[in-house]
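# Geometric and topological summary
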Amino acid sequence: MALIGYSLGIYDSKSYMNSNMWGVDICGCLDHVKNRYLHLNPNFKLKNRRADISVTYDSYVIVSARFKEFCIDNNYQGISFYDLANYNDRFYMEIFNVVSVDIKRREIDYYEYNSVCNEYNEVIGAHPVCLVNKSPLDKGFYRTDIEFGRGYAKSAIEIVDIETGKKLKAEKFKGLYLDEILTEYDFEKVKK
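Residues numbered from 1 in each chain as written. Predicted model: local features only at pLDDT ≥ 70, side-chain atom pairs only at ≥ 80, totals over all residues. Heavy atoms only, no water.

Before going further, it helps to examine the overall build of the chain. Helix and strand content of the chain: five helices and twelve strands. In terms of C-alpha radius of gyration, the chain reaches 17 Å, essentially the compact-globule figure of 16 Å for 192 residues. Seen through its principal axes, the chain has C-alpha atoms that stretch 50 × 45 × 25 Å. A buried classification covers 52% of the 192 residues belonging to the chain. Of all intrachain contacts in the chain linking residues separated by at least 6 positions in sequence, the fraction that spans at least 24 positions is 70%. Measuring between centres, the 26 positive side-chain charges of the chain sit 4 Å from its 28 negative side-chain charges. (Helix = DSSP H or I, 4+ residues; strand = E, 2+ residues; numbered from the N terminus. Rg over C-alpha atoms; globule rule 2.2 N^0.38 Å. Buried < 20%, exposed > 50% of the residue type's maximum accessible area, 1.4 Å probe, protein only. Contact = heavy atoms within 4.5 Å. Lys, Arg positive; Asp, Glu negative; His and termini not counted. Charge placed at Lys NZ, Arg CZ, Asp CG, Glu CD.)

So, in structure tokens, the structure goes:
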């Protein structure tokens, strides 16, 4: 059992980017899930302003200027930051580097398949994260290839490599905790 990276545990912002998507079937909100940057609400109100990183109820990761600068200063690739209309010190962060989840190891559950959009309304089994590649991650921020959750709130899990995890811990960003991603978990040993 070895450490290969960390998943980002992010506290909620107590806010919605697009509250009108609540309860909408996945086919009706799929573009919001897949292309969040196209749906930044110009009237967005962030209720948790103390956090350096937080996530809205509809899964928009919001970061402070300090968090953004940390990423720029460390030259992390595959991340974009989008301005928010009402804030000059908060940004929507999107990660483009993708890692694959091992769906057999994690036994992910899929519910309410929609043949119209070829998506499931709900996907459960995000934690602990089981990755296909069991080697330590290269430097960077990543997202899983599967979105977990339900409807408008489905989202990938944000992940970092070991060294970045240590740097994030040292910075003591408010709103963030890290969960270890291991090559094997105790629950897997029980099955053997």
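So, on to the nonpolar core. Counting residues in each nonpolar core, the largest one holds 21 residues, and the members touching the most others are Leu8, Ile53, Phe67, Met93, Phe141, Leu168 and Leu176. What Met93 contacts, discounting residues up to four positions off in sequence, is Ile53, Val61, Val63, Phe67, Ile79, Ser80 and Phe81. Core analysis: the next-biggest nonpolar cluster, separate from the first, contains 18 residues, Val99, Val101, Cys130 and Ile157 among them. (Core = buried A, V, L, I, M, F, W, Y, C linked by side-chain atoms within 4.5 Å.)

Right, let's talk about the environment of Tyr177 for a bit. Here Tyr177 lies in strand E12 (residues 176-182). The spacing of Tyr177 and Ser7 is 170 residues in sequence and 8.6 Å in space, taken between C-alpha atoms. Every residue in contact with Tyr177, bar those within four places of it in the chain, is listed here: Ser7, Leu8, Gly9, Ile10 and Tyr11.

Here the focus is helix H4 (residues 162-171). The complete set of buried residues in H4 reads Thr164, Gly165 and Leu168. Buried residues of H4 fall within an arc of 105° about the axis and therefore sit on the same side. For H4, the elements touching its buried residues are strand E1 (3-10), helix H2 (65-73), strand E9 (141-144), strand E11 (158-160) and E12. With a side-chain oxygen lying 3.1 Å from the backbone nitrogen of Glu163, the N-terminal cap of H4 falls on Asp161. (Arc of directions from axis to C-beta. Polar contact = N/O pair within 3.5 Å; in protein donor to acceptor, adjacent residues only side chain to side chain.)

This brings us to the environment of Gln77. Within the secondary structure, Gln77 is located in the loop between H2 and strand E4 (79-84). You can call Gln77 exposed: its relative accessible area is 52%. Distance from Gln77 to Gly5, taken between C-alpha atoms, is 17 Å for residues 72 residues apart in sequence.

As enumerated under the stated definition, the model contains eleven salt bridges in all. Glu119 serves as the salt-bridge partner of Lys34, at 3.7 Å between the closest nitrogen and oxygen. Taken as a pair, Lys34 in helix H1 (residues 26-34) and Glu119 in strand E8 (residues 119-124) lie far apart in primary sequence, 85 residues in all. Residue class for Lys34 comes out partly exposed when judged on its relative accessible area of 36%. (Salt bridge = Lys/Arg side-chain N within 4 Å of Asp/Glu carboxyl O.)

Interaxial distance between H2 and H4 falls to 12 Å at its minimum, and their mutual angle equals 145°. With respect to the hand of their crossing, H2 and H4 are arranged in right-handed fashion. Side by side, H2 and H4 meet where Arg66, Phe67 and Phe70 of the first sit next to Lys167, Leu168 and Glu171 of the second. (Axes fitted to C-alpha atoms, helices over the stretch in contact; angles between N-to-C directions. Left-handed = near helix turned anticlockwise from the far one by under 90°.)

With that out of the way, let us pick up the state of the cysteines. Overall, the coordinates contain one disulfide when judged by the stated rule. Two residues, Cys27 and Cys117, share a disulfide whose sulfurs are 2.3 Å apart. Residues Cys27 and Cys117 are joined through a disulfide that is left-handed, its torsion about the S-S bond being -75°. With Cys27 in helix H1 and Cys117 in the loop between strand E7 (109-114) and E8, the pair connects residues that are 90 residues apart, well separated along the chain. With a relative accessible area of 29%, Cys27 lands in the partly exposed category. Looking at Cys29, it has no disulfide partner, and the nearest cysteine sulfur is the one in Cys117, 8.4 Å off. (Disulfide = S-S within 2.5 Å.)

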